[in-house]
Each structure stands twice: as structure tokens, then as C-alpha cells.
Amino acid sequence: MSPTVEGPTHASAQTAVSAPVSAAYSYCEAVTGSQARNFAYGIRLLPTDKRHAMSALYAFSRRVDDIGDGTLPTEAKFARLEETRAVLGRIRAGAVDEDDTDPVAVALAHAARRFPIPLGGLDELIDGVLMDVRGETYETWDDLKTYCRCVAGAIGRLSLGVFGTVNVPGTPDAARASEYADTLGLALQLTNILRDVREDAGNGRTYLPAEDLAKFGCSEGFQAGRAAPGADFAGLVHHEVRRARSLFAEGYRLLPMLDRRSGACVAAMAGIYRRLLDRIEREPEAVLRGRVSLPPHEKAYVAVRGLSGLDARTVSRQAVRRRM
């Protein structure tokens, strides 16, 4: 039986674009290629129309993140974020013309007409970055999960609007695709938080839940690239790694719901982060010395593995075994 495709098909979405829109997409792809070290490995596996839309989403998200991470005074950051929200409002209202001077707005407006992208997810991203600007900390995992849903779960749901889903007999109910996309976003964000412990500490930020820090004697933070004497930093990392692995296991159930190239994109991005998590688990203290990363050849291998569909087939077999 052929899969039932929900949302725009590749054939219907693949249409010619005007010169201004093409230029806007090219700008967004340039931003993505230069800034998204891991993200770019996944989206290059997509057909042109979906790759363009994902680049537009990334470029807008990058703008929001850069405001939060930049050196502007706090009040100026608040103002810039609200200006960015106003741009999003113009996109949502269909008020961005093709000759607009903002190429990211032009590209995202076109992508939102082409695909059913839930643009409210970008409002959530802005809300999450506002939490950063206010310097919020998180007492429990549930508290941190709220932040992660804003800055990463929302990106998963936005991306799903571009990917669409396929309903294949024997796979999980596609109605839960948005939930799995959100959970996979949480897994990626928690991995990011572990990777960036030293960098965030240097910027005066602490994301890991306060109750977890206290449990492992790490409440004093990670200044000067080390944990406090007597702290069980490895225990803390392993605790968070187990949490991230559980999120990955749940989020990977999305893969069989996607078409081959969309599934390859997600499997590549998530696979890179899972391997990053493996490295962090093997050597927790490495994240206190600097940013842990994968070499390009390993990222390329993960991308090829994603394109093969191996991860999606593995998830499908596991789902069948669970139902037996």
C-alpha cells in the first residue's frame, strides 16, 4: 500500500520562484552554511523547496538568538526582540512584499505560503530568548523543559510543518508527530546545554536544574573550567545524559512518519547530536575544557547513514516489536 501524504507533496510544492525571492533564499542559505555547523549537514539532504524553507527558518531563528547572545544592553535587547516579533507579525499577516529590504522576511513569508509552517513557534522562540535576556534560572527539570520547548521544541514543530508526514501501515500514529518533533528538540537542546556548560558559565548563565546541581555537589557552578572541590561532575553529566537519551528514544519515533529525504535530514541532525552525547558521556570533564565537537568526516558519515534510512527502519522494527 502506498503511504498517504499529509501536507503539500514534493510535486505541488516545487514551483518556480521570482528573482527577489530566489535572492532572499540564497541569502538565508548563506547564513545557514556559515553559522549552522550541525544543522547544515541535515538540510543539504532535502529537496530544494524544503531546503529553502528550512534555511529561512534557520536565518530568522539565528537573528533571534544573536540578539539574545549579543552585547547590547538589556533594554536594547528587549526592544530588538519586540521589533523582530513585529516582523513576524507582518509575515503572518501577509504584509511582506517580494521587494522588501529584509531578505529573511521575504524568504520566510514565501516559505509560509508554500508550507503549513506554524509560525507561532517563532513567537515561542522569542519568548525563550527573552528568558535568557532576563537571566532566568531553572529549579527543576520541568522548569528547564519549559525553556527547552520554547527554544528547541518549537523549532522541531516548525520543521515538521516543512517536512509533512506520511502515514505508513505499521508505523506509529502520525497524529503524534508534533509531539515527537517537540521531544526530539528537547533532546538536542539538553545536549547543547551539556556541551556548552563552560561557555555558558563564562557568560554568567546556568541552565542545568538547580536541584540536579545540588544533588551532585555542583551548586557553586563551573568557573575557571572546573567544578568545585568534592563535586561529582561526572555523576551530574551522566544523569543528564540518561535524560537526553530517553528523550532521543522517544523523539526518534518521528522518523518513520517522514518521507525518505525529510527523515534523512532529521536522522542526520539528531545523529550528530547523539554522537556528541556519546563523547560527552565518555569524557564528562571535556566540556569544562572547551566545546566538544565532531570532526567533519564523522558528521558526513552520520548524514550518509541518515540518507540510507537505517535509523528509520530500526525505529519501525522496534515499534512493531512493542506492539507484539
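Everything quoted here is computed from the prediction, not taken from an experiment. (Residues numbered from 1 in each chain as written. Predicted model: local features only at pLDDT ≥ 70, side-chain atom pairs only at ≥ 80, totals over all residues. Heavy atoms only, no water.)

Caption draft 1: Seen up close, the packing of helix α4 (residues 48-69) against helix α7 (residues 120-134). It is at 9 Å that the axes of α4 and α7 come closest, and there the two elements cross at 20 degrees. Here α7 runs roughly parallel to α4, going by the angle between their axes. With respect to the hand of their crossing, α4 and α7 are arranged in right-handed fashion. When α4 is examined against α7, the residues Leu57, Phe60, Ser61, Val64, Asp65 and Gly68 are found in contact with a partner set consisting of Leu122, Leu125, Ile126, Val129 and Val133. (Axes fitted to C-alpha atoms, helices over the stretch in contact; angles between N-to-C directions. Helix = DSSP H or I, 4+ residues; strand = E, 2+ residues; numbered from the N terminus. Parallel < 35°, antiparallel > 145°, perpendicular 65-115°, else oblique. Left-handed = near helix turned anticlockwise from the far one by under 90°. Contact = heavy atoms within 4.5 Å.)

Caption draft 2: Seen up close, the pattern of salt bridges. Within the structure shown, the criterion is met by 28 salt bridges. Across the pair Asp100 and Arg90 runs a salt bridge whose closest N-O atoms are separated by 2.6 Å. A residue pair is termed long-range when its members are at least 10 positions apart, and Asp100 in the loop between α5 (74-92) and α6 (103-114) and Arg90 in helix α5 qualify at 10 residues. Look at Asp100 and you get partly exposed, because its relative accessible area is 22%. Overall, Arg90 belongs to the partly exposed group, its relative accessible area being 31%. Between Arg157 and Asp182 there is a salt bridge; the shortest N-O distance is 2.9 Å. With Arg157 in helix α8 (residues 141-163) and Asp182 in helix α9 (residues 177-195), this residue pair connects regions lying 25 residues apart in the sequence. Assessed through its relative accessible area of 6%, Asp182 is described here as buried. Residues joined in a network through salt bridges with shared partners are Glu82, Arg85, Arg92, Asp123 and Asp127. (Salt bridge = Lys/Arg side-chain N within 4 Å of Asp/Glu carboxyl O. Buried < 20%, exposed > 50% of the residue type's maximum accessible area, 1.4 Å probe, protein only.)

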